Amino acid sequence: MKPPQPQAAAARLKKISPLRPALAIVLGSGFHHALAELHVEKNVAYADIPGFPQPTVSGHAGELYFGRLGQTPVLVLSGRAHFYEGHPMERVTFAVRTLAAFGIRDLLLTNAAGGLNKKFRAGDFMVLTDHLNLMGVNPLRGPSAPGLPRFVDLTETYDAKLRELLFRAGKLARLKLQRGVYLAVSGPSYETPAEIRAFARLGADAVGMSTVPEAVVARQCGLNVAAVSCITNLAAGISRNNLSHAEVLETAERVKQSGAALLKNFAELYLQ
Ligand code: HPA
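Note that residues are indexed from 1 along each chain, following the sequence as it is written. Whole-chain, interface and lining totals are the exception, using all residues; otherwise, since this is a predicted model, local features are given only for residues with pLDDT of at least 70 and side-chain atom pairs are given and counted only at 80 or more. The side-chain quantities take in all heavy atoms of the structure and omit both hydrogens and water.

Student: Would you mind showing me how to read the overall build of the protein chain here?
Tutor: On a plain count of helices and strands, the protein chain comes out with eight helices and nine strands. Throughout, the radius of gyration refers to the C-alpha atoms, and the reference size of a globule is 2.2 Å times the residue count to the power 0.38. Its C-alpha radius of gyration of 17 Å places the protein chain within 12% of the 19 Å reference for a compact globule of 272 residues. Seen along its three principal axes, the alpha-carbon backbone of the protein chain occupies a region of about 50 × 40 × 35 Å. Note on contacts: a residue pair qualifies if any of its non-hydrogen atoms lie within 4.5 Å across the two residues. Sequence-distant contacts, at least 24 apart, represent 82% of the contacts inside the protein chain between residues at least 6 apart. Accessible area for the protein chain stands at about 12,400 Å²; split by element, carbon and sulfur atoms hold 51% of it. Each charge class in the protein chain was averaged separately, 30 positive and 21 negative side chains, and the resulting centres sit 3 Å apart. Strands are runs of DSSP state E lasting at least 2 residues, helices are runs of H or I lasting at least 4, and numbering of each runs from the N terminus. Each accessible area is a Shrake-Rupley result for a 1.4 Å probe, and residues are judged covered by the shown protein chains and nothing else. Residues counted as positive are Lys and Arg, residues counted as negative are Asp and Glu, and His and the chain ends are not counted. Charge positions come from single atoms, namely NZ of Lys, CZ of Arg, CG of Asp or CD of Glu.

Student: Would you mind showing me how to read the side chain of T110 here?
Tutor: Looking at the secondary structure, you find T110 in strand 5 (residues 106-115). A 1.4 Å probe rolled over the protein chains alone gives each residue an accessible area, and that area as a share of the maximum for its type sets the label: buried under 20%, exposed over 50%, partly exposed in between. Since its relative accessible area comes to 0%, T110 is described here as buried. Polar contacts, as used here, are pairs of N or O atoms within 3.5 Å; protein pairs need one atom able to donate a hydrogen and one able to accept it. Residues neighboring in sequence count only if both atoms are side-chain atoms. One polar contact links the side chain of T110 to the main-chain amide nitrogen of G28, over a distance of 2.8 Å. Excluding residues within four positions of it along the chain, T110 makes contact with V26, L27, G28, F31, R80, T211, V228 and L263.

Student: Looking at this model, I keep getting lost on the layout of surface pockets. Mind explaining?
Tutor: Rolling a probe over the atoms, with the probe sized like a water molecule, indicates the empty space that remains. Of the pockets and cavities examined, the largest pocket occupies roughly 650 Å³. Method remark: on a 1 Å grid restricted to protein atoms, a set of points is classed as a cavity if a 1.4 Å probe fits but cannot get out and as a pocket if it is open with protein on both sides within 12 Å along at least five of seven lines; lining residues have an atom within 4 Å of a point. Considering the residues around the largest pocket, the lining is formed by 25 residues, among which P4, P6, E90, R97 and A145 are closest to the centre. Under the scheme applied, nonpolar residues are Ala, Val, Leu, Ile, Met, Phe, Trp, Tyr, Cys and Pro; charged residues are Asp, Glu, Lys and Arg; polar residues are all the others, including Gly. Its residues assigned to classes, the lining of the largest pocket shows 14 nonpolar, six polar and five charged. Empty space within the second largest pocket amounts to approximately 380 Å³. Elements with a contribution of two residues or more to the lining of the second largest pocket: strand 5, strand 8 (206-208), strand 9 (224-234) and helix 7 (245-254). Here the lining of the second largest pocket takes four residues from strand 5, the largest share from any one element. Residues of the lining of the second largest pocket, tallied by class, amount to 10 nonpolar, 11 polar and two charged. Grid points are joined across faces, edges and corners, and a volume is the space filled by probe spheres set on the points.

Dropping the structure here:
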């Protein structure tokens, strides 16, 4: 059987709604409440988009929305496929290739992450300035994608203009946004304190299990990328507590209004 094609998935999306947003947002933990602000025009389950994987983690729905945040048309992806679920990288990044085929120009990725930077507190938000890929794989490994660069430049993975919009959006929401380097691990175990000490020496400010594959593939496809983390916990050995998914979800719930306001303001500024 032929593997699923992003072009076919994009063609399916185009039949669902005449709306043609230039901006897409992927919601991670801490940001799902943005859906409460979204004026939904149409939604579709990932199960009904050919090639989209079904998320299996609680707190990660699998639904794509056509709608408006403020006045701005957006595609919102609620839920993502993680590498730790066992998907190959092609599946983890399939949605991003679909967005590119659909005609999306700008992609905002959001996630939950553990904080390494000593200045960070649980509940802070961090705009990504760069990343370290320690997932052990590169999402572009494999046959080369026709018409796309084999060797992708990642000097400016996270777009300066979109980053600036995030900071302005944060200010409008009276949030002080942190900035820093996101280090991606494959998970699903959390890190050891020794790993966290090593990652801090490598220059990481936050650690998480997503986003980097999507950002790299988006850059290969020529999309502009921005990303923001909800620091749901302090990383292992920095936190006084042991780590748990329950703590991640608790913090995400506590700051959900802020996460939603940040994304709404971003979408509104994006239009101007
Ligand atoms: N480590 C890795 N991924 C995470 C964490 C963490 O501490 N918190 C939320 N996602």
